[in-house]
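# Notes for the structure review
Residues per chain are reported as follows:
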Amino acid sequence: QSVLTQPPSVSAAPGQKVTISCSGSGSNIGTYFVSWYQQLPGTAPKLLIYDDNKRASGIPDRFSGSKSGTSGTLGISGLQTGDEADYYCATWDSSLSAGVFGGGTKLTVL
Amino acid sequence: QLQLQESGPGLLKPSETLSLTCTFSGDSFSNSDYWWGWIRQPPGKGLEWIGSMYYSGRIYSSPSLQSRLTISLDTSKNQFSLKLSSVTAADTARYYCAGGLRLGEFSSWGQGTLVTVSS
């Protein structure tokens, strides 16, 4: 059971927009920045978003991040088949004194 | 750009100690800027944070692993190491090392190394 809760899967058609939620609590998302990672099949995770809403180097502006209270959201617009991957949110948790990841969300581009 | 490469044995028997090393390199980076971390991913499952260390020696470890876990950093060799004792099949996973400028955030990742625990 992950400390951060993500939907197991989301899907949308090419060209559409999808959002992936990441729900936490006051000891993690409510206090610390959220980062988002993309893991394409068979590869290592890659940082997409840091500090809640800043795009990592080389990440297109189709990817966006936001946070409100104890929840973070990743948005992906203009979906491409190459966006099919697992997406993870992460942050720090002060109650655990530990890093925490969401359980991951599998994106399918129909 | 920071590059990281994990190394270590791919197969262990139950009760043995897992030892992994991460060697990092890159242009224009300073050891003192980075938090170094270990993350693992069991086959077909999600990411699990194992632990992080700063150049100053500050270490944070997963509460569920800390009794078996040792993390160390050798800045003179640009290496970051993990030792996990008394491994079981539940420790079978791909282990990644990663670095980032903020605790709990990882901007650069190694390719990962698969560790299997089996008798």
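Summary of the structure given here. Within each chain, residues carry numbers counting from 1 in the order of the written sequence. The naming scheme follows written order: chains are lettered A onward, ligands numbered 1 onward. Thresholds applied to this predicted model are a pLDDT of at least 70 for local features of residues and 80 or more for the giving and counting of side-chain atom pairs; totals over whole chains, interfaces and linings are not thresholded and use all residues. As a convention, hydrogens and water are excluded, and side-chain values are obtained from all of the structure's heavy atoms.

## As for the overall build of chain B
- Under the scheme used here, helices are H or I runs from DSSP no shorter than 4 residues and strands are E runs no shorter than 2 residues, and both carry numbers assigned from the N terminus. From N to C terminus, chain B includes zero helices and eleven strands.
- Secondary structure of chain B in N-to-C order comes out as β-β-β-β-β-β-β-β-β-β-β.
- For this measure, only C-alpha atoms enter the radius of gyration; the expected value for a globule follows 2.2 Å times N^0.38, where N is the number of residues. The C-alpha atoms of chain B give a radius of gyration of 14 Å, which matches the 14 Å a tight globule of 119 residues would have.
- In terms of principal-axis extent, the alpha carbons of chain B reach across some 45 × 25 × 25 Å.

## Brief notes about the interface of chain B and chain A
- By definition in these notes, contact holds between two residues if any of their heavy atoms fall within 4.5 Å. Across the contact, 20 residues belong to chain B and 19 residues belong to chain A.
- Summing both partners gives a buried area of about 1500 Å² for chain B against chain A, and 65% of it is carried by carbon and sulfur.
- Of all residues in chain B, the largest losses of buried area upon contact with chain A belong to L47(B), W49(B) and E105(B), amounting jointly to 34% of the total for that side.
- Counted as salt bridges are all cases of a side-chain nitrogen of Lys or Arg within 4 Å of a carboxyl oxygen of Asp or Glu. Applying the counting rule to chain B against chain A returns one salt bridge.
- A salt bridge links D51(A) to R102(B); its shortest N-O distance comes to 2.9 Å.
- Any pair of nitrogen or oxygen atoms within 3.5 Å is treated as a polar contact; in protein, a donor-acceptor pairing is required on top of that, and neighbouring residues in sequence qualify only through side-chain atoms on both sides. At the junction of chain B and chain A, the tally comes to five residue pairs in polar contact (both at pLDDT 80 or more). Simply put, the buried area is the total loss of 1.4 Å probe accessible area from both parts when two parts are fitted together.

## Overview of the sheet that holds strand β1 (residues 2-7) of chain B
Residue and element names in this part refer to chain B.
- If DSSP finds at least two bridges between two strands, the strands pair. On the basis of which strands lie adjacent, the open sheet formed by four strands has the order β1-β3-β8-β7 and antiparallel pairing. The two strands at the open ends of the sheet, each matched to only one other strand, are β1 and β7 (69-74). Looking at each pair of strands side by side, their axes are set apart by 15 degrees on average, direction ignored. Axis definition: a line fit to C-alpha positions, over the contact stretch in the case of helices; interaxial angles, taken between N-to-C directions, run 0 to 180 degrees.

## As for the sheet that holds strand β7 (residues 71-76) of chain A
Residues and elements named next belong to chain A.
- Here three strands make up an open sheet; going across it, the order is β2-β7-β6 and the pairing antiparallel. Looking along the sheet, the strands with just one partner apiece sit at the ends: β2 (18-23) and β6 (63-68). When the angles between neighbouring strand axes are averaged without regard to direction, this sheet yields 20 degrees.
- Examined bridge by bridge, β2 and β7 share six bridges and lie antiparallel to one another. Among the inter-strand pairings, T19 is bridged to a residue of β7, identified as G75.

## Quick word on the side chain of Q38(A)
All names here are of chain A.
- With respect to the helices, strands and loops of the structure, Q38 is situated in strand β3 (residues 35-39).
- Taking relative accessible area as the criterion, Q38 reaches 6% and is therefore assigned buried.
- Here Y87 takes part through its side chain, which lies 3.0 Å from a polar atom of the side chain of Q38.
- Every residue in contact with Q38, bar those within four places of it in the chain, is listed here: A44, P45, K46, L48, F63, D83, A85, D86 and Y87. Throughout, exposure labels follow a simple rule: accessible area from a 1.4 Å probe, protein chains only, divided by the maximum for the residue type, with under 20% read as buried, over 50% as exposed, and the rest as partly exposed.

## What about the pattern of salt bridges?
All names here are of chain B.
- Using the criterion set out here, one finds eight salt bridges over all chains in the structure.
- The partner of R40 in a salt bridge is E48, and the shortest N-O contact between them spans 2.8 Å.
- The class for R40 is buried, based on a relative accessible area of 6%.
- A salt bridge links R40 to D91; its shortest N-O distance comes to 2.9 Å. Placement of the pair is R40 in strand β4 (residues 35-41) and D91 in the loop between β8 (79-84) and β9 (93-100), with a sequence separation of 51 residues. With respect to burial, R40 and D91 carry one shared label: buried.

Shape descriptors only; they carry no functional weight alone.
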